[in-house]
Amino acid sequence: HYLPGVGRNLQDHMGLGVQVESNDTRFYGISFKGAHRLLWAGIEYALFRRGMLASNVVEACGFVRTAPGLDRPDIQYGFMPARRGVGARLVGRGHGYGLVTILLNPKSRGTVTLKDRSGAPAIDLNAFGEAEDLETFMRGYKISPRILQAPAFRSFHLREARPGDEVQSDEQLA
């Protein structure tokens, strides 16, 4: 049944992470060296419903205002003590940690419409359709590496895995 406005005004909080590799097996990940921790995590979760496998993997968050004069934060950071997998895999091979930058108050709006009579949706997020969203996001994203290079992280840091050294310009990040 057609109703005006249905499927309009879709918004999402776009996010992108900086991922760091580490040799420290205390960070979530898959490796031979850390296999005993994964085994114990399975047992601990099965018996007590706690431990590493009970985590949502985002262990800490922070909120910042990226410009003077803002009355509320416009960026959220989510810290993950895990080596992210590629594609749909949540945890990847090896160990590491990351910081995801998330745009809190997007101005861009997308749509959800029907492609055909089968009812399959066509989703257009229109992510960063408003230039201001990308500008805000980039200001917040550029803070991420500085946070991850703080003295508290130095002993864990091997190298930035994503986006990596080859992605550094504003155009590449966008």
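Residues numbered from 1 in each chain as written. Predicted model: local features only at pLDDT ≥ 70, side-chain atom pairs only at ≥ 80, totals over all residues. Heavy atoms only, no water.

Glancing now at the sheet that holds strand β1 (residues 8-10). Judged by pairing direction, the sheet is antiparallel, and its three strands sit side by side in the order β1-β7-β8 without closing on themselves. Looking at strand neighbours, the two that pair on one side only are β1 and β8 (121-124), the edges of this open sheet. Across the sheet, the mean angle separating the axes of adjacent strands is 35° when strand polarity is ignored. Two elements, strand β7 (residues 110-114) and β8, share four bridges in a ladder whose sense is antiparallel. Paired with threonine 113 across the strands is alanine 122, a residue of β8. (Pairing = 2+ DSSP bridges. Helix = DSSP H or I, 4+ residues; strand = E, 2+ residues; numbered from the N terminus. Axes fitted to C-alpha atoms, helices over the stretch in contact; angles between N-to-C directions.)

Here serine 108 is to be found in the loop between β6 (94-103) and β7. Overall, the relative accessible area of 5% leaves serine 108 in the buried class. A distance of 3.0 Å separates a polar atom in the side chain of serine 108 from the backbone nitrogen of glycine 129. Sequence-distant contacts of serine 108, defined by excluding residues within four places in its chain, comprise Leu10, Gln11, Asn126, Phe128, Gly129, Glu130 and Asp133. (Buried < 20%, exposed > 50% of the residue type's maximum accessible area, 1.4 Å probe, protein only. Polar contact = N/O pair within 3.5 Å; in protein donor to acceptor, adjacent residues only side chain to side chain. Contact = heavy atoms within 4.5 Å.)

In this section: the pattern of salt bridges. Within this structure, the stated rule accounts for seven salt bridges. A salt bridge links arginine 83 to glutamate 21; its shortest N-O distance comes to 3.2 Å. Residue arginine 83 is found in the loop between β5 (75-80) and β6, and its partner glutamate 21 is found in strand β2 (residues 15-22); the two are separated by 62 residues along the sequence. Grouping residues by exposure puts arginine 83 and glutamate 21 together as buried. For lysine 142, the salt bridge identified is with aspartate 170, shortest N-O distance 2.8 Å. In this pair, lysine 142 sits in the loop between α2 (131-141) and α3 (144-148) while aspartate 170 sits in helix α4 (residues 170-173), placing the two residues 28 residues apart along the sequence. Residue lysine 142 is classed as partly exposed on the basis of its relative accessible area of 41%. On the basis of relative accessible area, aspartate 170 is assigned to the partly exposed category, the value being 37%. (Salt bridge = Lys/Arg side-chain N within 4 Å of Asp/Glu carboxyl O.)

This brings us to the nonpolar core. Phe79, Tyr97, Leu99, Tyr141, Leu148 and Phe153 are the most contacted members of the largest nonpolar core, which has 15 residues in total. Looking at this core, the elements with two or more residues in it are β2, β5, β6 and α2. Not counting chain neighbours up to four residues away, the residues in contact with phenylalanine 79 comprise Val57, Val58, Glu59, Ala60, Tyr97, Gly98, Leu99 and Phe153. Membership of the second largest hydrophobic core comes to eight residues, among which are Tyr28, Met52, Val57 and Val100. (Core = buried A, V, L, I, M, F, W, Y, C linked by side-chain atoms within 4.5 Å.)

Read these as spatial facts, not as claims about activity.
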